[in-house]
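Spelled out from the first residue to the last, the chains are:
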There are 2 protein chains.
Amino acid sequence: MAQRRERVVIVGAGFAGLFAARTLKNAPIDLTIVDRSNHHLFQPLLYQVASAALNPSDIATPIRRILRRQKNATVLLGEVREVDVRNREVLTDDGPIPYDHLIVACGATHSYFGNDGWAEHAPGLKSLDDATQIRSRILYAFEAAERTEDAQARTAALTFVVIGGGPTGVELAGALAEIAFRAVVHDFRRIDSRAARVFLLEGGERILPAYSPESSASAQRQLESLGVVVLTKAMVSQIDASGVQFGDRRIEASTVLWAAGVQASPLAASLGETDRAGRVKVEPDLSLPGVPDVFVIGDMCHFEQDGAPIPGVAPAAMQAGRHAASNVLRRIGNQPTLPFRYVDKGSLATIGRAAAVAEVAGTRLSGLIAWLAWLVIHVFFLIGFRNRLLVLFEWAWAYVTHQRGARLITGDVAARVRRESGEQ
Amino acid sequence: MAQRRERVVIVGAGFAGLFAARTLKNAPIDLTIVDRSNHHLFQPLLYQVASAALNPSDIATPIRRILRRQKNATVLLGEVREVDVRNREVLTDDGPIPYDHLIVACGATHSYFGNDGWAEHAPGLKSLDDATQIRSRILYAFEAAERTEDAQARTAALTFVVIGGGPTGVELAGALAEIAFRAVVHDFRRIDSRAARVFLLEGGERILPAYSPESSASAQRQLESLGVVVLTKAMVSQIDASGVQFGDRRIEASTVLWAAGVQASPLAASLGETDRAGRVKVEPDLSLPGVPDVFVIGDMCHFEQDGAPIPGVAPAAMQAGRHAASNVLRRIGNQPTLPFRYVDKGSLATIGRAAAVAEVAGTRLSGLIAWLAWLVIHVFFLIGFRNRLLVLFEWAWAYVTHQRGARLITGDVAARVRRESGEQ
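Cut-off values and rules
Residue positions are counted from 1 within each chain, in the order its sequence is given. Here every chain gets a letter starting at A, and every ligand a number starting at 1, in the order they are written. Only residues with pLDDT of at least 70 are given local features in this predicted model, and only at 80 or more are side-chain atom pairs given and counted; all residues enter the totals for whole chains, interfaces and linings. To get the side-chain values, take all heavy atoms of the structure and skip hydrogens and water. Throughout, a contact is declared for two residues whenever any of their heavy atoms are within 4.5 Å. Simply put, the buried area is the total loss of 1.4 Å probe accessible area from both parts when two parts are fitted together. Here, a salt bridge means any Lys or Arg side-chain nitrogen found within 4 Å of an Asp or Glu carboxyl oxygen. Under the rule applied, a polar contact is a pair of N or O atoms within 3.5 Å (in protein, one hydrogen donor and one hydrogen acceptor; residues adjacent in sequence only if both atoms are side-chain atoms). Counting from the N terminus, the helices are DSSP H or I runs at least four residues long and the strands are E runs at least two residues long. Each residue is assigned to one of three groups, with Ala, Val, Leu, Ile, Met, Phe, Trp, Tyr, Cys and Pro labelled nonpolar, Asp, Glu, Lys and Arg labelled charged, and all others, Gly among them, labelled polar. Overlaid copies result from least-squares superposition on C-alpha atoms, with residues included only where pLDDT is at least 70 in both. Any pair of Phe, Tyr and Trp rings, taking the six-membered ring for Trp, is counted once the centres come within 6.5 Å. Such a pair is stacked with planes under 30 degrees apart, edge-to-face with planes over 60 apart, and tilted for the rest. Remark: exposure states derive from per-residue accessible area (1.4 Å probe, protein chains only) relative to the maximum for the residue type, with buried under 20%, exposed over 50%, and partly exposed in between. Two strands qualify as a pair provided DSSP detects at least 2 bridges between them. To obtain an axis, a line is fitted to C-alpha atoms, over the contacting stretch when the element is a helix, and the angle between two such axes runs from 0 to 180 degrees between their N-to-C directions. Whether a crossover is right-handed comes down to one check: with the strands pointing away from the viewer, does the path from the first strand over the helix to the second run clockwise; if it does, it is right-handed. Each helix should span, by expectation, one fewer than its residue count multiplied by 1.5 Å. Patch construction takes residues with relative accessible area above 30% that form no salt bridge. Like charges are linked within 9 Å, and nonpolar side chains (Val, Leu, Ile, Met, Phe, Trp, Tyr) are linked within 5 Å. Residue-level accessible areas treat just the shown protein chains as cover; the underlying method is Shrake-Rupley with a 1.4 Å probe. Throughout, a crossing is termed right-handed when the near helix is turned clockwise from the far one, and left-handed when it is turned anticlockwise from it by less than a right angle. In this text, buried Ala, Val, Leu, Ile, Met, Phe, Trp, Tyr and Cys residues form a nonpolar core when linked through side-chain atoms within 4.5 Å. Here, two cysteine sulfur atoms that lie within 2.5 Å of each other are counted as a disulfide.

1. Remarks on the interface of chain B and chain A
Contact residues are listed per partner, giving 52 residues for chain B and 52 residues for chain A. At the boundary of chain B with chain A, total buried surface from both sides reaches about 4800 Å², with 51% on carbon and sulfur atoms. Connecting chain B to chain A are 7 salt bridges. Here Glu143 of chain A ties to Arg64 of chain B by a salt bridge, and the two come within 2.7 Å at their closest N and O atoms. For the pair chain B and chain A, the interface holds 24 residue pairs in polar contact (both at pLDDT 80 or more). When residues of the side of chain B that touches chain A are traced back to their parent elements, those giving at least two are β4 (60-62), α3 (63-66), β5 (73-77), α4 (128-147) and α10 (385-401) of chain B. When the residues that make up the side of chain B that touches chain A are grouped by side-chain class, the tally is 21 nonpolar, 12 polar and 19 charged.

What follows is the structure, encoded as structure tokens:
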């Protein structure tokens, strides 16, 4: 009698989950990948959708399209509510999915540090819907400025505040400056879009705190030369419909974007002990303490290495995905699992056209060279050949013409903005 | 003392409004274009967004980008509520806009013939948001089929009904067949997407009633060879969350799309006498009866020619836009206005890959030749060089690979579908 195939379930098809799935490609198992959206999202480029440079489909590919040739893999669209580790079942809205080995990789979402009321006024950037909503808000602000006759309202409409000086905040602020000071300059008649102000607020001592002080300083200089006002030690105490309060200062702004904090997926808390960022603490082999058949990887997991948790970046997620999958295979083959070790290949943050910082193997790069490195790496890693070509085309076009190709206001942004700002 | 420039206002930046604006390019006037969205939409290709072949930004360009070099033109984002013809003001949510000459071109929206409750279950296709919502629904249906264990639910999920056998209905049905029977065939494990059923319901005797009976028959044959079930004389009497009733027959279907009726923008009724489709009757020079400084054009207007109203197609809107604008210039120059005459250059409807029908100057074309004619004309007319290149690339790619590049489920479709179909 044929032995039953081992059932491996992966929850989440971000970088971690997808690299785990691909590692299991030729294994004689039944593999199920569950995700609540139908697409894998190339999150490092999400800010480019938010800033109207790329299209949603340039950075997102259907998960089942990526895995169409992997015959052992079934892809299901579904929201996982809980993991029943005792009965070895993943509980979804559409019923339980039984497993023999489980890899959980649900990632993280933005966190407002307990001020959930801020979410309405300062959207964060994690999904395609977030990105198109932010895009609509940014573009709508210029429209509102062109339309109003009120000088104060016009100033507020042309004021953009990005909260959080990590890579996402730096990228968003740089992109906003390029939109206001370059892309839309000739499109308006009543306003000069160059009168816009773009603020980047960072609560700590310097932006890009995970980089060296030299790279932080370089990034700040590059941002400032783009026209961004960088304010450090600016702890935000209030965000409302009309602006942002920090310390004893207030900025009136129609558009406030949140890039300040992330929190692991809520599923993490149901799995085990979590750290301050809501991440589950895992064993050296990436398994859940006391539950050797469940692995937790990616932005959801707290993995200690050299005295600190490894960072929530794509390369770490990919490496952990591969490692967790190979540990599943070792378990199936009755071999002991192996400990994981993250290999840091360097960090890259982009700021704008021909502007970036990079730190690779002790070497610091900045400006055009760092930006080209960033471009090559990101296009190379984009999932799917078609996307790579299209994205290169979009970028080349945008670079030459200073234009942004996806300047669409969709959804009912106008009504929402009007409602929020207390107009009738 | 310099004479005040004449103020010309255009409401709506579809084909009619945009061609009017461009005709006024070098006139010494103050031109204001008001539209409730920030983009001109290339509506003939909207069904390609709904069917995941093209991206929203491939068929939409910011209005102010199109008119950026037209120095006499100011573009405003705003919703027009009413026209005060006595005081010569257009009333918007953000206050009145005064005019000396007005061109109204607000287009049409879908009509459910008084059954507005059907809108929820059978979305129509007029805006980008409609298109991305329909795209999400179609893709979600396959996901639901893959996930469910219930045979009846699976059959309903794999049943697609398009209501209305005009060009939009024909295009949507053809695209659905290509998705189910080609594009996603290898992507699922539990279902065979080729088991899907695609119905096109037409209340009249034949599909494409505006074409010759021979073209209608050819279109029906081409649809059937793609796998679409075409049902004529099928008058729909009920649409609910689980399906469609027509005559004494019922089809259980998760996805029902509405392409059966259009109705002129509600603004039309406030302007003057309307026909059954809500269109304003206009004078031979396209002006409003008794109000010579207001012109109404495009899908909003009822213009009689040779005993019948001219059709609501893009070429008619473009021609009327040019004509209304030149009549405005004649009025400014104190010359009498000229009557409009629509020149019908032929009709084209596409069905699928290498499938279409065309009628040009008494000649009927079908199949590959008609499709190539359609392709060239549509790419040629796409506003903006960048879009043309990208769309050609997308099409070439889709043609060669049978793939669809924009298969993204966005928005909260899952929750809505679940709610509608009575799941918890």
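2. Overview of the relation of the copies chain B and chain A
Superposing chain B onto chain A takes a rotation of 180° plus a shift of 0.0 Å along the axis, which leaves an RMSD of 0.0 Å. Within this description, the copies of the chain are treated as partners about a two-fold rotation axis. Residue Asn55 of chain B, judged by its C-alpha, is the member of chain B lying nearest the rotation axis, at 3.6 Å. When you check the interface residues of chain B against chain A, 100% turn up at the interface there too, and the contact is symmetric in its surfaces.

3. Description of the packing of aromatic side chains
Applying the stated criterion to the full structure yields 14 aromatic pairs over all chains. Ring geometry for Tyr112 of chain A against Trp258 of chain A: centres 4.8 Å apart, planes inclined by 25°, an arrangement best described as stacked. Of the two residues, Tyr112 of chain A is situated in the loop between β10 (108-110) and α4 (128-147) and Trp258 of chain A in strand β17 (residues 255-258); the sequence distance between them amounts to 146 residues. Across this residue pair, the class does not change: Tyr112 of chain A and Trp258 of chain A are buried. Aromatic pair Phe142 of chain B and Phe160 of chain B: ring centres 5.3 Å apart, planes at 35°, arrangement tilted. Remark: Phe160 of chain B occurs in strand β11 (residues 159-163) and Phe142 of chain B occurs in helix α4; sequence separation between them is 18 residues. Comparing Phe142 of chain B with Phe160 of chain B shows no difference in burial state: the two are buried. Put simply, the rings of Tyr112, Phe113, Trp118 and Trp258 of chain A touch in pairs and so form one group of aromatic residues.

4. Some remarks on the sheet that holds strand β21 (residues 291-296) of chain B
Residues and elements named next belong to chain B. With mixed pairing, the 6 strands of this open sheet are ordered in space as β5-β2-β1-β9-β21-β20. Both outer strands of the open sheet, β5 and β20 (287-288), are each paired with one neighbouring strand and no more. Taken together, the 5 bridges between strand β1 (residues 7-11) and strand β2 (residues 30-35) define a ladder with parallel strand orientation. The residue of β2 that forms the bridge with Ile10 is Ile33.

5. Structural notes on the environment of Ile251 of chain B
Residues and elements named next belong to chain B. With respect to the secondary-structure elements, Ile251 resides in strand β16 (residues 249-252). For the pair Ile251 and Phe160, spaced 91 residues apart in sequence, the C-alpha to C-alpha distance is 9.3 Å. The contacts of Ile251, once residues within four sequence positions are left out, are Thr159, Val161, Phe199, Ser242, Gly243, Val244 and Phe246.

6. What about the sheet that holds strand β14 (residues 236-240) of chain B?
Residues and elements named next belong to chain B. If you walk across this open sheet you meet the 3 strands as β14-β15-β16, and the pairing is antiparallel. Whereas interior strands pair on both sides, the edge strands pair on one side only; in this sheet they are β14 and β16. Taken pair by pair, the neighbouring strands of this sheet meet at an average axis angle of 15°, ignoring direction. Bridge count between β14 and strand β15 (residues 243-246): 4 bridges; the pairing is antiparallel. The partner of Val236 across the bridge, within β15, is Phe246.

7. A short note on the pairing of strand β1 (residues 7-11) of chain A
Counting buried positions over the 5 residues of β1 of chain A gives 4, a clear majority of the element. With respect to chirality, the unit in which β1 of chain A leads through helix α1 (residues 15-23) of chain A into the neighbouring parallel strand β2 (residues 30-35) of chain A is right-handed.

8. A short note on α4 of chain A
The terminal C-alpha atoms of α4 of chain A lie 28 Å apart, and with 20 residues this matches the ideal 28 Å at 1.5 Å per residue to within 8%. Where burial is concerned, most of α4 of chain A is hidden: 18 out of the 20 residues are buried.

9. With respect to a nonpolar patch on the surface
Residue and element names in this part refer to chain A. Together, Leu368, Leu372, Tyr399 and Val400 make up an exposed nonpolar region whose accessible area comes to about 370 Å². Residue assignment for the nonpolar patch shows that the elements contributing at least two residues are α9 (368-381) and α10 (385-401). Position of Leu372 relative to the elements: it lies in helix α9.

10. Observations regarding the packing of α1 of chain A against helix α8 (residues 314-332) of chain A
All names here are of chain A. Where α1 meets α8, the closest approach of the two axes is 7 Å, and the angle between their N-to-C directions is 40°. The chirality of how α1 crosses α8 is right-handed. Note on element contacts: α8 touches α1 through Ala314, Ala317, Met318, Gly321, Arg322, Ala325, Ser326 and Leu329, opposite Phe15, Ala16, Phe19, Ala20 and Thr23. Of the residues in the contact of α1 with α8, the class split is 9 nonpolar, 3 polar and 1 charged.

11. Let's talk about the nonpolar core
Judged by nonpolar contacts, the single largest core of 121 residues is most densely connected at Leu31, Ile59, Leu102, Phe142, Leu223, Leu286 and Val296 of chain B. If one sorts the elements of this core by residue count, helix α6 (residues 167-183) of chain B sits on top with 10 residues. Excluding its chain neighbours within four sequence positions, the residues that come into contact with Leu102 of chain B are Val9, Val11, Val83, Val90, Asp293, Val294 and Phe295 of chain B. Listed in part, the 120 residues of the second largest apolar core include Val34, Leu176, Ile191 and Val291 of chain A.

12. Here's the deal with the pairing of β21 of chain B
Every other side chain in a regular strand lies on the same face of the sheet, so the side chains alternate between the two faces. All names here are of chain B. Counting buried residues along β21, 5 of its 6 residues qualify, which places the element largely inside the surrounding structure. Summarising the sheet, strand β9 (residues 101-104) and β21 pair through 3 bridges and their orientation is parallel. In the strand pairing of β21, Leu102 is matched with Val294. As paired elements, β20 and β21 share 2 bridges and run antiparallel to each other.

13. Examining the state of the cysteines
Scanning the model with the defined rule gives 0 disulfides over all chains in all. Here Cys106 of chain A stays unpaired: no disulfide links it, and the sulfur of Cys301 of chain A, its closest cysteine neighbor, is 12 Å away.

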